[in-house]
Amino acid sequence: HLKVYHNMKDKYESLMCEVHNLESEKQALADQLEKAQVDPTKGCSQAIKKKLQKVEEGLARARSETRKHQQMYRQAEQEAQKCKVLERKIHDLKHNKVNLIKKQREDAAKHKEFTNQKAREIQALKRREKKADKKISKMEMEVQKFKSNLDRSRTHCDKLSDKLKQT
């Protein structure tokens, strides 16, 4: 894109030089024509007129081309500005994408850590619950043992009491 832009700029500058040279030549021929008309012995005014007409046609063509190239040059400059704006937007979008990916990774890491912490807490609670269940089972066994001992003792007491009553 830059190569086309620079070629267009060079062509425009060469056309401007051509216009300047043709303007100078036109002025010189106009001066010659004026001198020839004032003093007919100095040269053929018809030849000078034809040459002047050719130079004026060339000048008109060069000016027209210059205007076209100037317009194309301006358009190319506008396109270059648009390209710069779009390149800036692309750069900003890439930068934002990088930031979003970074934030996404951080959020994922935080979520993973939170999940791991909760899993550890759940495991600790399960261990405590298992320990408590074991303790309850042990106590229930002890209660059962004490009840059976109490029942035996009562039965024994009742037997002794019956024996005492009989005597």
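Scroll up for the structure.
What you are looking at is a predicted structure, and each value in this text was computed from that prediction instead of being measured. (Residues numbered from 1 in each chain as written. Predicted model: local features only at pLDDT ≥ 70, side-chain atom pairs only at ≥ 80, totals over all residues. Heavy atoms only, no water.)

Visitor: Can you help me understand the environment of Lys112 in this one?
Guide: Secondary-structure assignment places Lys112 in helix H2 (residues 45-166). Linking Lys112 and Cys17, residues 95 residues apart in sequence, is a C-alpha distance of 71 Å. (Helix = DSSP H or I, 4+ residues; strand = E, 2+ residues; numbered from the N terminus.)

Visitor: I keep staring at the environment of Glu142 and nothing clicks. Help me out?
Guide: Within the secondary structure, Glu142 sits in helix H2. On the accessibility criterion, Glu142 (39% relative accessible area) is partly exposed. Sequence-wise, Glu142 and Asp162 are 20 residues apart; in three dimensions their C-alpha atoms are separated by 29 Å. (Buried < 20%, exposed > 50% of the residue type's maximum accessible area, 1.4 Å probe, protein only.)

Visitor: Explain the environment of Leu15 to me, please; I cannot follow it from the model alone.
Guide: If you trace the backbone, Leu15 turns up in helix H1 (residues 2-38). Relative accessible area serves as the criterion here: at 1%, Leu15 is assigned to the buried category. Residues Leu15 and Ser148 lie 133 residues apart in sequence; the distance between their C-alpha atoms is 122 Å. Each residue touching Leu15, except ones within four places of it in the same chain, is listed here: Glu65, Thr66 and His69. (Contact = heavy atoms within 4.5 Å.)

Visitor: How should I be thinking about the pattern of salt bridges in this particular structure?
Guide: Any two side chains of opposite charge can pair, given that their charged atoms come close. The full count for this structure, using the stated rule, is eight salt bridges. The salt bridge partner of Arg61 is Glu18, with a shortest N-O separation of 2.7 Å. Of this pair, Arg61 sits in helix H2 while Glu18 sits in helix H1, placing them 43 residues apart in sequence. By relative accessible area, which is 28% here, Glu18 ends up partly exposed. For Arg63, the salt bridge identified is with Glu23, shortest N-O distance 1.9 Å. Here Arg63 is found in helix H2, whereas its partner Glu23 is found in helix H1, with 40 residues between them in sequence. (Salt bridge = Lys/Arg side-chain N within 4 Å of Asp/Glu carboxyl O.)

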